[in-house]
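Here is what each chain is made of, one letter per residue.
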Amino acid sequence: MTFGELTELLWEGLKETLWMVGVATLVTVVGGLLIGVLLVLTDRGGLLPARPVNALLGLIVNVGRSLPFIILLVAVIPFTRALVGTTIGTTAAIVPLAIGAIPFYARLVETALREVPADVVAAAVAMGSSRAQIVGKVLLREARSGLVAGLTVTVIALVGYSAMAGVVGGGGLGDLAIRYGYQRFETEVMIATVVVLVVLVQLVQMLGDVLVRRLSHR
Amino acid sequence: MIRIEGLRKTYRARRREVVAVDGVDLRVRPGEIFGVLGRSGAGKSTLLRCVNLLERPDAGTVEVDGVELTGLGERRLREQRRRLGMVHQHFALLASRTAAGNVAYALEVAGVPRAERARRVAELLELVGLADRAGAYPAQLSGGQKQRVGIARALAADPKVLLSDEATSALDPETTRSVLDLLLDLNRRLGLTILLITHEMEVVKRICHSAAVMRDGRFVESGPVTELLARPESELARGLFPPSQAPVRDGEEVLDVLVSGEAADAPLLSALARELGIDVRLIDGGVETLATGRAGRLRLAVSGKRAEAADFLRARGAGVAA
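Criteria and thresholds
Residues numbered from 1 in each chain as written. Chains lettered and ligands numbered in written order. Predicted model: local features only at pLDDT ≥ 70, side-chain atom pairs only at ≥ 80, totals over all residues. Heavy atoms only, no water. Salt bridge = Lys/Arg side-chain N within 4 Å of Asp/Glu carboxyl O. Buried < 20%, exposed > 50% of the residue type's maximum accessible area, 1.4 Å probe, protein only. Helix = DSSP H or I, 4+ residues; strand = E, 2+ residues; numbered from the N terminus. Phe/Tyr/Trp six-rings, centres within 6.5 Å; stacked < 30°, edge-to-face > 60°. Lys NZ or Arg CZ within 6 Å of the ring centre and 35° of its normal.

Q: Whenever I open this one, the pattern of salt bridges confuses me. Can you help?
A: Residues and elements named next belong to chain B. For the structure shown, the criterion picks out 33 salt bridges over all chains. A salt bridge links Arg29 to Glu32; the shortest N-O distance between them is 3.3 Å. Arg29 sits in the exposed class, given a relative accessible area of 52%. For Glu32, a relative accessible area of 6% gives the class buried. A salt bridge links Glu79 to Arg76; the shortest N-O distance between them is 3.8 Å.

Shown next as structure tokens:
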């Protein structure tokens, strides 16, 4: 394989990875924040206590987190078909990626929100804040550096999950490393892919760290 | 201004029932600074949190400025809470907002239009003496400065009543004094009614007009500070002016005297010596200036006629321990 062909392959793989991880991240942020906020609100002593809802959400999150991703990938195929019309390809891989990452991020959101001191929330209640104001202006805003730190971890986990997307023809860098590097014994492709992945993860982590530092005023 | 009747609050903790507030009646007059004094665990924090219904009482009523809060729906309760400022022991500021931003939050909640907010924030920070620190984040402020932000925020919606939950307990003595002076100043200038809870005698001494001593969920005594301090059996008196154990000489008899209000400034000792024809010696004690007047405890030695001396002092408004 020539150097030109190798860079062509890597570039294609990188684009697919970025597309899969990017869209899955957006969906995960929305879903994870929603579930994370609900987990905190509905808990005992929360702002909207509802034990059954809380227990059910907790169960869903735990089930989602205990399924190995490779099994999830196959298990959600019918759902993927209903949602995007196909079960193979990069876009189809986004569905299981988001489903896998949402429970993961939801727990991190929950943890970050619990870091907001109880007396700060009590002060907001005492000022006559509505629940929406407390969630938006107090919980989410005060926890934002923690939310970004959690998102950084989630994005990196998504990069890892996306390596398995090849099973449904999702492509991406991980798939490249498995097909060329592992199955065809083209070691230089594998090494090159791993280097690109390491750089990608490093960049995500650095970006996350910078944001966390800028958002934190503790 | 605040009227609480028959307030009760119990908690379940590890399958045990803990009575935090056990039937408290409380009345705070408009423009008054009322202090609830007690040790930690006495139930004072729960009592305060019941006033703006951060905690729902199990029984009893809470009325503030003529509005009974216990009967309100959620929306009306939120509106009423805006008229009740609250200051917290650990400041409870939003770490992600500047001093000005924290004050602005209270205005946002109260529905003050954006254009007016900036002006009000500047006014409020000026009022608490923090105009120059408007752009600082809480992490960049000292404890006293944070509490000033907390006070400015509590005053944002022009409340008539301020609730103070151990506002000075996390501060050093000097900062405590300056924050107490600020509260007293606000009370005088704005006619602000203040209900505060504290475990510090100093707070009652410096700013409270009335006080209650709380133990095991109940008020053991309550009333105007100068009245409480004239009673020998008063726990407040014992706390503010601890009885002295200084020794007596042979042939002397001891009188433990509490003077408060007029009695504190009357020439009691010379009158006592003159009228009864006895010698009077001051063993220990003194008179201090409090928020509402002067008071103190004196340990006297008399050369005889102890019972008559006690009656003489009692007739002039002093409290004498039997």
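Q: What should I look at first to understand the environment of Gly58(A) in this one?
A: Residues and elements named next belong to chain A. Relative to the helices and strands, Gly58 is located in helix α2 (residues 51-66). Its relative accessible area of 11% is what places Gly58 among the buried residues. In this structure the C-alpha to C-alpha distance between Gly58 and Val95, which are 37 residues apart in sequence, comes to 21 Å.

Q: Before we go on, may I ask you to explain the packing of aromatic side chains in this structure?
A: Aromatic ring pairs are defined here through the distance separating the ring centres and the angle between the ring planes. A full pass over the atoms with the stated rule returns one aromatic pair over all chains. Note on Phe69(A) and Tyr161(A): the rings are 4.5 Å apart at their centroids and 5° apart in plane angle, and the pair reads as stacked. One end of the pair, Phe69(A), is in helix α3 (residues 69-75); the other, Tyr161(A), is in helix α8 (residues 144-162), and 92 residues separate them in sequence. Judged by its relative accessible area of 8%, Phe69(A) is buried. What makes Tyr161(A) partly exposed here is its relative accessible area of 23%. Here the guanidinium or amino end of Arg184(A) rests over the ring plane of Tyr180(A), the centre of that ring lying 4.2 Å away. Of note, Arg316(B) hangs over the ring of Phe312(B), and the distance from its end group to the ring centre comes to 3.6 Å.

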